[in-house]
Amino acid sequence: MFWLGAAVGSFLSVVIYRLRTGESALKGRSRCDHCKKQIAWFDNIPLLSYLLLGGKCRYCKKKIRIDNLILELLVGVQFVWIYWLLKVNFSFFGHMEGFYSFALLIYWLILFSGSLAIAVYDIKHMLIPDQVLLPLIGAAFLRLFFSNQWRVLIVALGSSLFLYSIAWLSKKLMKKEAMGFGDVKLAFLMGLVLGWPLIIVSYFIAFLTGAGVGVILILIGNKKLKSKIAFGPFLLLGMLISKLWGISILNWYLGLVL
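In this text the structure is predicted, and so the values were computed from the model without any measurement.

Student: What's the story with helix H1 (residues 2–21) in this structure? I'm lost.
Tutor: Two residues of an α-helix separated by three or four positions point the same way, owing to the 3.6 residues in each turn. Given a rise of 1.5 Å per residue, 20 residues ought to cover 28 Å, and the 29 Å separating the end C-alpha atoms of H1 matches this to within 8%. Looking one or two residues beyond H1, the residue adopting positive phi is Gly22, at roughly 85°.

Structural data, given as structure tokens:
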């Protein structure tokens, strides 16, 4: 699972790079960013090739971006972690639930590895790519089809409308954009994945962590008060935490209030 995840992470690195350059992620071999020399298969093995080459291109000896290595490592760990989480709750490949368990594993691997790619791209370019987001929404719809939980669609629409309202009010009242339309579409995915009331928990986490990181960046001088920061990663973090521990967080909060 780890090496499968690392391979997916390597592919996502290509997707992130080529989305910005306008190239197809599915066509053409990988090339060095500097000398444009085509990379041989033995220099394109996730994690190992980077370490064996000392982080440098075999031909021009210039440094390979370390963020490729980090993404491969993160997705590899992510695959192992998701498999472990599901294995605790499902008996994979056993009896009647085997196929369902396998399909559920594929769904969550696609969802969270795609989410990681969106977060990285948003941090780098302040943009949420439709080329990654829309397939994730399609996968979420496919799961709704098989699970017959169509009421979640109402939550997804309400989730998008909520963020759209914030963006619209910010533009009208403060004459600046609080968030882009990509965040609104991302909110739709969050609603499909989480449903009610976990979507509320995810927003609480996203706004809290986003504000906290924003204040820290201002204090250390990396950002100014009017500077923009990518909000997509905080929304995705909220979605992840809410999916895993949202009910516990909600019960804890309600226990304090009531």
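Student: Looking at this structure, I do not really get the pattern of salt bridges. What am I missing?
Tutor: Here the idea is simple: oppositely charged side chains can pair when their charged atoms come close. Applying the stated criterion to the full structure yields two salt bridges. Here Lys124 and Asp67 are joined by a salt bridge, their closest N and O atoms 2.4 Å apart. Separated by 57 residues along the polypeptide, Lys124 in helix H4 (residues 98–125) and Asp67 in helix H3 (residues 66–89) bring together distant segments of the chain. The partner of Asp130 in a salt bridge is Lys185, with the nearest N and O atoms 2.7 Å apart. In this pair, Asp130 sits in helix H5 (residues 130–147) while Lys185 sits in helix H7 (residues 181–194), placing the two residues 55 residues apart along the sequence. We classify Lys185 as partly exposed; its relative accessible area is 22%.

Student: I'm lost on the nonpolar core in this one. Help?
Tutor: The tendency in soluble globular proteins is for nonpolar side chains to be buried as a group. In terms of nonpolar packing, the biggest core is built from 50 residues, with Trp108, Leu189, Val193 and Leu235 touching the most fellow members. Listing elements by their share of this core, those giving two or more residues are H1, H3, H4, H5, helix H6 (152–173), H7, helix H8 (198–219) and helix H9 (232–257). Ranked by residue count, the leading element in this core is H4, at 12 residues. Sequence-distant contacts of Leu189, that is, excluding residues within four places in its chain, are made with Leu111, Leu133, Leu136, Ile137 and Ala140.

Student: Can you help me understand the environment of Phe11 in this one?
Tutor: Here Phe11 shows up in helix H1. Accessibility expressed as a relative area gives 37% for Phe11, which makes it partly exposed. When the C-alpha atoms of Phe11 and Leu71 are compared, they prove to be 9.8 Å apart, with 60 residues separating the residues in sequence.

Student: Please clarify how the side chain of Ser49 should be interpreted in this entry.
Tutor: Residue position: Ser49 is located in helix H2 (residues 48–52). On the accessibility criterion, Ser49 (3% relative accessible area) is buried. Polar side-chain contacts of Ser49 include one of 2.8 Å to the backbone nitrogen of Ile45. With residues up to four places along the chain from it excluded, the contact list for Ser49 reads Phe42, Asp43 and Asn44.

Student: Would you explain a nonpolar patch on the surface in this entry?
Tutor: On the surface, a cluster of nonpolar side chains totalling about 720 Å² of accessible area is made up of Trp3, Trp41, Phe42, Ile45, Leu48 and Leu52. The topology assignment puts Leu52 in helix H2. We classify Leu52 as exposed; its relative accessible area is 74%.

Student: Please clarify how H5 should be interpreted in this entry.
Tutor: Taking 1.5 Å as the rise per residue, H5 with 18 residues should run 26 Å; its terminal C-alpha atoms sit 25 Å apart, in good agreement. Of the positions making up H5, those classed as buried are Val132, Leu133, Leu136, Ile137, Ala139, Ala140 and Leu144. The buried residues of H5 all sit within an arc of 155° when viewed along its axis, so they share a single face. Within H5, the exposed residues directed more than 90 degrees away from the buried face are Gln131, Leu142, Phe145 and Phe146.

Student: Would you take a moment to explain the packing of H5 against H7 for this structure?
Tutor: For any two helices packed against each other, the geometry is given by the interaxial angle and the distance between the axes. Orientation of H5 relative to H7, taken along the N-to-C sense of each, is 20°, at an axis distance of 9 Å. One way to sum up the angle between H5 and H7 is to call them roughly parallel. Every pair of crossing elements has a handedness; the one defined by H5 and H7 is left-handed. Here Asp130, Leu133, Leu136, Ile137, Ala140, Phe141 and Leu144 of H5 lie close against H7, whose contacting residues are Gly182, Lys185, Leu186, Phe188, Leu189 and Leu192. Looking at the contact of H5 with H7, its residues break down into 10 nonpolar, one polar and two charged.

Student: Whenever I open this one, the packing of H7 against H8 confuses me. Can you help?
Tutor: Where H7 contacts H8, the axes come no closer than 9 Å and their chain directions differ by 135°. It follows that H7 is oblique to H8 by the angle criterion. In the crossing of H7 with H8, the sense of the turn from one axis to the other is right-handed. Packed against H7, whose contacting residues are Ala187, Met190, Gly191 and Leu194, the element H8 presents Leu198, Ile199, Ser202 and Tyr203 at the interface. Here the residues of the contact of H7 with H8 are counted per class, giving six nonpolar, two polar and no charged.

The rules behind these values
- Residues numbered from 1 in each chain as written.
- Predicted model: local features only at pLDDT ≥ 70, side-chain atom pairs only at ≥ 80, totals over all residues.
- Heavy atoms only, no water.
- Helix = DSSP H or I, 4+ residues; strand = E, 2+ residues; numbered from the N terminus.
- Expected span 1.5 Å × (residues − 1).
- Salt bridge = Lys/Arg side-chain N within 4 Å of Asp/Glu carboxyl O.
- Buried < 20%, exposed > 50% of the residue type's maximum accessible area, 1.4 Å probe, protein only.
- Core = buried A, V, L, I, M, F, W, Y, C linked by side-chain atoms within 4.5 Å.
- Contact = heavy atoms within 4.5 Å.
- Polar contact = N/O pair within 3.5 Å; in protein donor to acceptor, adjacent residues only side chain to side chain.
- Patch = residues over 30% accessible without salt bridge, like charges linked within 9 Å, V, L, I, M, F, W, Y side chains within 5 Å.
- Areas by Shrake-Rupley, 256 points an atom, 1.4 Å probe, with all protein chains shown as cover.
- Arc of directions from axis to C-beta.
- Axes fitted to C-alpha atoms, helices over the stretch in contact; angles between N-to-C directions.
- Parallel < 35°, antiparallel > 145°, perpendicular 65-115°, else oblique.
- Left-handed = near helix turned anticlockwise from the far one by under 90°.
- Nonpolar A, V, L, I, M, F, W, Y, C, P; charged D, E, K, R; others polar.

It is worth stressing that arrangement in space is one thing and function is another; only the former is reported here.
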